[in-house]
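# Understanding the architecture of this molecule
In case you want the letters, here they are:
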Amino acid sequence: MAGFPKHWPDTCPPPDAEPANGVVYRICRENPPAVGDFQSHAELGKASKGDACLRYGLSVFRNPSEARHLTELFPKLGKLIFRGELTAEHGKLKATPARTRPSHMTWWPFEKVERAAAFTISSEG
Amino acid sequence: MDWNIKGLNSDPEDFRGFKTLSVLIDVDGPRLFTAETRVCNALFMLVDENNESARFVVAPTSDAIIAQLENGTVSVRNALDQPVVWVLETDHTLEPQNAWRTTLGELPESVLPAQGRMLWPHLQPAFRLRAIGEGLSHGTVPASVIRQVVEGASTALRKAAAHVFKEPGKQGRASNSRKRLYDLPVQHFAYNSFEVAFSLPPEQQETLLQDEDDAEMQQIGTALAEAISSSNSAENDDANLQALEIELLEALEKLVPPLSGTVTEFEVGGTILGQGDKTFRLDRDTSKRVKKVLQTVRTKEEKITTLEGLVAEMDRDNLTFTLRQTSDHKDHVCSFSAEVFDEVMDAFVNENRVAISGRETLKSGNIDVSIFNEVGEDALQG
């Protein structure tokens, strides 16, 4: 049965995260995406002063124009937008908006999921 | 990281233990945030990282700058562009390793936010027009250029709205709110060369991004973008321009530079044009082509008219009135400029007869008024 890595904190993903579903967009550097394009902060060994559980998730967006906007603000973040259709088999999802950014979500993928497989390059946004 | 930092070595200890105050953008971790450091409160922007370290641009900031950033009057680039900035290199536990004192101008473009990008997408200008020409910079922009840019943008939107909603052929309640579509609040002026940017009221600006198909503004933007694309056709022939309706040609006329004077080029952009906030450049060659086609179309579809009549109805929102009891015995819907608003209002309220002159569309009889005068008692008696 699909599950999350055992070393994640006890309440991660948080209880109010829901089974993943619907279209989301992710910013990547390479096409096809490199392994690093779909790795979390925790997997990349990066610290964060914020919520520890968010470190294990991946930032995705419901709105492609929000993703496109960020590629203009942070050119080194990546220039490519990938579109993915997630289902409950891909893990859990929660809206994690920062201030007035309603479209930002965090995706916690199940351990065995091949993350990039659900995504294709998008020209939207 | 493949870029060298031009600047003076600075003490990284100044930033050790910085305290995050507010995260403005978080994508796989905080990327733009304010923080308290030993030297000042600062805006931190993560501009590059690799497996070993991360580089931040750190700019002194204030509550006023952050407020401007959050309400869209200052772009992210401008908020960072302070007289002194630092590049701070940290490890991935955010422990400072190196620091350099520098300026934004010394940093490579490839790591910086694009010019004009606002903090959040809904803050991007809805419509903007930039006049480009030798010597247009802060303090040297002639009033005529400011007027040209502001009126050009506003009139182009009004003409495009007339095309989309087929005004001023009708008047009344349905069209009463159209003015809001072209009389937009100015978001900011910029002196690079001279730019005016318009936003929508905040709620509408949000809707524009969330519900694009339904937004009336989007329809106007799409019409304008199509007209601009027609003027920019690669074949350099006029066929695409000739296919445009007269309102769109007149909108274009307001977005192309004059054939003489300081302004040699206009840059048009904004979220209502769609296409990912793409900008379009219109030069004097385009001006010549637009003017030529417009002249041909006007000869076929319009005539110069001089009439007398009574201002029987007035739509003050859309700057139109209906002229009745006319010297040609027909009713005409007339559009007028804001400059003659008081005269039109006076004639309407006092039921004075007026003489108008302007361009009449042969098909509809609508008149674009250029001269408006009350007819004096002497004239009436004569």
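The model shown is predicted, which means the values in this text are computed figures rather than measured ones.

So, on to the overall build of chain B. Helix and strand counts for chain B come out as 11 helices and 17 strands. Looking at chain B residue by residue over its 382 residues, the buried ones come to 51%. Here the contacts in chain B between residues at least 6 apart in sequence split such that 62% fall between residues at least 24 apart. Counting every atom, chain B has about 17600 Å² of accessible surface; 47% of that belongs to carbon and sulfur.

On to the interface of chain B and chain A, then. Contact with chain B, which involves 39 residues of that partner, is made by 30 residues of chain A. Summed over both partners, the interface of chain B with chain A buries about 2800 Å², with 56% contributed by carbon and sulfur atoms. Along the contact surface separating chain B from chain A lie 2 salt bridges. Measuring nitrogen to oxygen at the nearest pair gives 3.3 Å for the salt bridge that ties B:Asp2 to A:Lys76.

Further remarks concern the sheet that holds strand β17 (residues 367–374) of chain B. Residues and elements named next belong to chain B. Pairing within the closed barrel is mixed, and its 5 strands lie in the order β13-β14-β15-β17-β16. Within the sheet, the average angular offset between the axes of one strand and its neighbour, ignoring direction, is 55 degrees. Examined bridge by bridge, strand β15 (residues 332–335) and β17 share 2 bridges and lie parallel to one another. The residue bridging Ser335 from the neighbouring strand is Asp368, located in β17. Contacts from helix α9 (residues 284–301) reach β13 (302–315) and β16 (353–361) within the one sheet, and its direction differs from that of β13 by about 70 degrees.

Let us now look at the domain arrangement of chain B. The domains assigned to chain B are domain 1 (8–119), domain 2 (123–300) and domain 3 (302–381). Here the C-alpha centre of domain 3 of chain B lies 58 Å away from the C-alpha centre of domain 1 of chain B.

This paragraph deals with a negative patch on the surface. Residue and element names in this part refer to chain B. A cluster of acidic side chains, namely Asp342, Glu343, Asp346 and Glu374, defines a negative patch on the protein surface. A total of 3 residues in the negative patch trace back to one element, the largest contributor, which is helix α10 (residues 341–350). Looking at the element boundaries, Asp342 is found in helix α10. In this structure Asp342 comes out as exposed when scored by relative accessible area, which is 60%.

Here we come to the state of the cysteines. Note on terminology: disulfide describes a covalent bond linking the sulfur atoms of two cysteines. Residue and element names in this part refer to chain A. The tally for this structure, following the rule as stated, stands at 1 disulfide over all chains. Two residues share a disulfide in this structure: Cys12 and Cys53, whose sulfurs sit 2.2 Å from each other. One quick way to see it: the torsion about the S-S bond of Cys12 and Cys53 is about 85 degrees, and its sign makes the bridge right-handed. One end of the pair, Cys12, is in the segment before β1 (18–19); the other, Cys53, is in the loop between β2 (22–28) and β3 (58–61), and 41 residues separate them in sequence.

Summarising burial for helix α8 (residues 246–253) of chain B: 7 of the 8 residues are buried, a large majority. Residues of α8(B) that are buried make contact with α3 (143–165), α6 (216–231), α7 (239–242), α9, β13 and β16 of chain B.

All names here are of chain B. It is at 8 Å that the axes of α3 and α8 come closest, and there the two elements cross at 170 degrees. By the criterion of interaxial angle, the relationship of α3 to α8 is roughly antiparallel. When α3 is examined against α8, the residues Ala156, Lys159, Ala160, Ala162 and His163 are found in contact with a partner set consisting of Glu247, Leu248, Glu250 and Ala251. Considering only residue class, the contact of α3 with α8 consists of 5 nonpolar, 1 polar and 3 charged.

When pLDDT is averaged along chain B, the result is 86, and 88% of the positions lie at 70 or above. Among the scores for the predicted complex, ipTM is 0.90 and pTM is 0.76.

With that settled, consider the packing of α6(B) against α8(B). Residues and elements named next belong to chain B. Their axes nearest at 10 Å, the elements α6 and α8 cross at an angle of 75 degrees. Our classification of the angle between α6 and α8 gives roughly perpendicular. Across the interface between the two elements, Ala223, Leu224, Ala227, Ile228 and Ser231 from α6 touch Leu248, Ala251 and Leu252 from α8. For the contact of α6 with α8, the class distribution of residues is 7 nonpolar, 1 polar and no charged.

Another aspect to go through is the sheet that holds strand β5 (residues 53–60) of chain B. Residue and element names in this part refer to chain B. One open sheet accounts for 7 strands, arranged β1-β7-β6-β5-β4-β3-β2; its pairing is antiparallel. Of all strands in the sheet, those with a lone pairing partner are β1 (8–10) and β2 (19–26), marking the two edges. Averaged over all pairs of adjacent strands, the angle between strand axes in this sheet comes to 30 degrees, irrespective of strand direction. As paired strands, β5 and strand β6 (residues 85–91) are joined by 6 bridges and run antiparallel to one another. Directly across from Arg55, in β6, lies its bridge partner Glu89.

Residue and element names in this part refer to chain B. Evaluated as defined, the whole model comprises 26 salt bridges over all chains. When the shortest N-O distance is used, the salt bridge between Arg31 and Glu49 registers 3.1 Å. Here Arg31, found in strand β3 (residues 30–36), pairs with Glu49, found in strand β4 (residues 41–49); they are 18 residues apart in sequence, far enough to count as distant. The same class applies to Arg31 as to Glu49, namely buried. For Glu195, the salt bridge identified is with Arg128, shortest N-O distance 3.4 Å. Of this pair, Glu195 sits in strand β10 (residues 194–198) while Arg128 sits in strand β8 (residues 127–132), and the two are 67 residues apart along the sequence. With respect to class, Glu195 is no different from Arg128; both count as buried. A network of salt bridges, in which partner residues are shared, links Lys159, Glu250, Glu253, Arg298, Glu302, Arg359 and Asp368.

Residues and elements named next belong to chain B. With respect to the helices and strands, Val344 occurs in helix α10. Residue Val344 is classed as buried on the basis of its relative accessible area of 0%. With 25 residues separating them along the chain, Val344 and Leu319 place their C-alpha atoms 9.4 Å apart. Filtering out sequence-adjacent residues up to four positions away, Val344 remains in contact with Val311, Met314, Phe321, Phe336 and Phe372.

Cut-off values and rules
- Residues numbered from 1 in each chain as written.
- Chains lettered and ligands numbered in written order.
- Predicted model: local features only at pLDDT ≥ 70, side-chain atom pairs only at ≥ 80, totals over all residues.
- Heavy atoms only, no water.
- Helix = DSSP H or I, 4+ residues; strand = E, 2+ residues; numbered from the N terminus.
- Buried < 20%, exposed > 50% of the residue type's maximum accessible area, 1.4 Å probe, protein only.
- Contact = heavy atoms within 4.5 Å.
- Areas by Shrake-Rupley, 256 points an atom, 1.4 Å probe, with all protein chains shown as cover.
- Buried area = accessible area lost by both parts, 1.4 Å probe.
- Salt bridge = Lys/Arg side-chain N within 4 Å of Asp/Glu carboxyl O.
- Pairing = 2+ DSSP bridges.
- Axes fitted to C-alpha atoms, helices over the stretch in contact; angles between N-to-C directions.
- Domains from an automatic or database assignment.
- Patch = residues over 30% accessible without salt bridge, like charges linked within 9 Å, V, L, I, M, F, W, Y side chains within 5 Å.
- Lys, Arg positive; Asp, Glu negative; His and termini not counted.
- Charge placed at Lys NZ, Arg CZ, Asp CG, Glu CD.
- Disulfide = S-S within 2.5 Å.
- Parallel < 35°, antiparallel > 145°, perpendicular 65-115°, else oblique.
- Nonpolar A, V, L, I, M, F, W, Y, C, P; charged D, E, K, R; others polar.
- pLDDT = per-residue confidence, 0-100.

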